Amino acid sequence: MRTRSHVEAPLPWHETCWNTLRGAKESGHLPHALLVTGPPGVGKRRLVTLLSCSLLCAKPDGRGLACGHCRECELLFAGTHPDYIEIGPDLESKSSEIKVDTIRRLADSDALTAHRGGFKVIVLDSAQNMNLSAANSLLKTLEEPSPDTLLCLVCEQPGRLPATVRSRCQELRVPIPSEAQAIPWLQQHTSAADAATLLRLAHGAPLKALALENDGLLSLRARAFTGFVEVASGVRDPIAEATEWNRQAPAILLDWLAGWLSDLLRLASGHPAPVLINQDKIADLRNLAETLDPRVGHHYLMQILEARADEHSSLNSLLLYESLLVKWARSFRKSDPPIMQRG
Ligand SMILES: [Zn+2]
């Protein structure tokens, strides 16, 4: 751990979680194993960092937060605290699997004993990536907990963990904040003019929204959306546009595309004030919604969702984009039979 984020206050939507953890710490009821869950971008790791530092700091403040100055905090800043261990998928390896050897190192009794007389904290990142042998090995550690050792499993998909592992952990779910909580926070941390749109593009997860802006994805989205509109109006060749889209991975582009179609269908539904994901594109979306047959739009959205679900498809992304954009262009040509019915 080499950041100072552990001396910051909890994020606004972490308050309830933080108070639960602090109460458990103060009453001596912290579990031996904590399973911190929640969707990507809600700050699970940040909360775990805050807790780890609070447990290791020699002089936490009145809110239970690490002081940032004591010897323990200094060791944490330097990434050399002997009682703080972070493990997770091997970043050098192609697969993101957590293998048994990684977990076995924990079973070494020395790894589980505090060296500096306080707590020992072990953070297991992306716990859902443990293979079966690794999970079985972890189970042994969970069955024989060491006193004053906290094992924090950070996990986006707890359903992928064996029930035997889950049942031995206390689960703490980090929520998606309300827009009323997230938007003011996002406005403080981003220069984007439209924080609400940024948040909706990130499915409500504020840290994911920040990453979208920082990775320059907003301008790529704007470029892809222009192509989407121009292909519909017949001024842009779908095959040429597919080459442009191919700069972007399907996981991201299909998510955008699904959002645009969902908004078009919301606008076509005749609701007087629909809540849109892409509020910043409302003028173009309104124009498109006037000429798109909603049944054709529904079929098209289903095809996008199928492609998105099939993330391990062997179809290359360029072919996928060409196919989707050609169908999109044909969706607006009244003279052609509707392409969707041809499959
Ligand atoms: Zn301290």
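Everything numeric here is computed off the predicted structure, so don't read it as measured data.

Draft legend 1. Structural context of the overall build of the protein. Helix and strand content of the protein: 16 helices and five strands. Taking all 343 residues of the protein together, the buried fraction comes to 34%.

Draft legend 2. Examining the sheet that holds strand β3 (residues 120-124) more closely. Strand order in this open sheet of five strands is β2-β3-β4-β1-β5, and the pairing throughout is parallel. One side of each edge strand has no neighbouring strand; the edge strands of this open sheet are β2 (84-87) and β5 (170-173). Strand-to-strand twist of the sheet, defined as the mean angle between neighbouring strand axes without regard to direction, takes the value 20°. Two elements, strand β1 (residues 33-37) and β5, share four bridges in a ladder whose sense is parallel. Across the sheet, V36 pairs through a bridge with L172, a residue of β5.

Draft legend 3. Up close: the nonpolar core. Residues L34, V36, V121, C152, L153 and V154 are the most contacted members of the largest nonpolar core, which totals 54 residues. Broken down by element, this core gets its largest block of residues, seven residues, from helix α2 (residues 44-56). Residue contacts for L34: discarding those within four places in its chain leaves L150, C152, L153, C169, Q170 and L172. Grouped together as the second largest cluster of nonpolar side chains are 26 residues, A232, L254, W260 and L285 included.

Draft legend 4. Local environment of helix α14 (residues 282-291). Those residues of α14 lying buried are L285, L288 and A289. One side of α14 holds all its buried residues, which, seen down the axis, span an arc of 105°. In α14, the exposed residues that point more than 90 degrees away from the buried face are A283, E290 and T291. Check the buried side of α14 and you find it contacts α11 (217-232) and α13 (250-268).

Draft legend 5. Up close: the environment of S178. Among the secondary structure elements, S178 is positioned in the loop between β5 and α8 (179-189). Accessibility expressed as a C-beta count within 10 Å gives 11 for S178, which makes it exposed.

Draft legend 6. Seen up close, the domain arrangement of the protein. For the protein, the domain assignment lists domain 1 (5-175) and domain 2 (216-342). Each of domain 1 and domain 2 was reduced to a C-alpha centroid, and the two centroids are 41 Å apart.

Draft legend 7. The packing of α13 against α14, seen in detail. Remark: α13 packs on α14, axes separated minimally by 9 Å, with the N-to-C direction vectors making an angle of 65°. Viewed along their axes, α13 and α14 adopt a mutual orientation that is roughly perpendicular. Note on packing geometry: the crossing formed by α13 with α14 is right-handed. Where α13 approaches α14, its residues D263, L264, L267 and A268 are matched on the opposing element by L285, R286, L288 and A289. Considering only residue class, the contact of α13 with α14 consists of six nonpolar, no polar and two charged.

Rules of the game
Residues numbered from 1 in each chain as written. Predicted model: local features only at pLDDT ≥ 70, side-chain atom pairs only at ≥ 80, totals over all residues. Helix = DSSP H or I, 4+ residues; strand = E, 2+ residues; numbered from the N terminus. Buried ≥ 20, exposed ≤ 12 C-beta atoms within 10 Å, placed from the backbone. Pairing = 2+ DSSP bridges. Axes fitted to C-alpha atoms, helices over the stretch in contact; angles between N-to-C directions. Core = buried A, V, L, I, M, F, W, Y, C linked by C-beta atoms within 7 Å. Contact = placed C-beta atoms within 7 Å. Arc of directions from axis to C-beta. Domains from an automatic or database assignment. Parallel < 35°, antiparallel > 145°, perpendicular 65-115°, else oblique. Left-handed = near helix turned anticlockwise from the far one by under 90°. Nonpolar A, V, L, I, M, F, W, Y, C, P; charged D, E, K, R; others polar.

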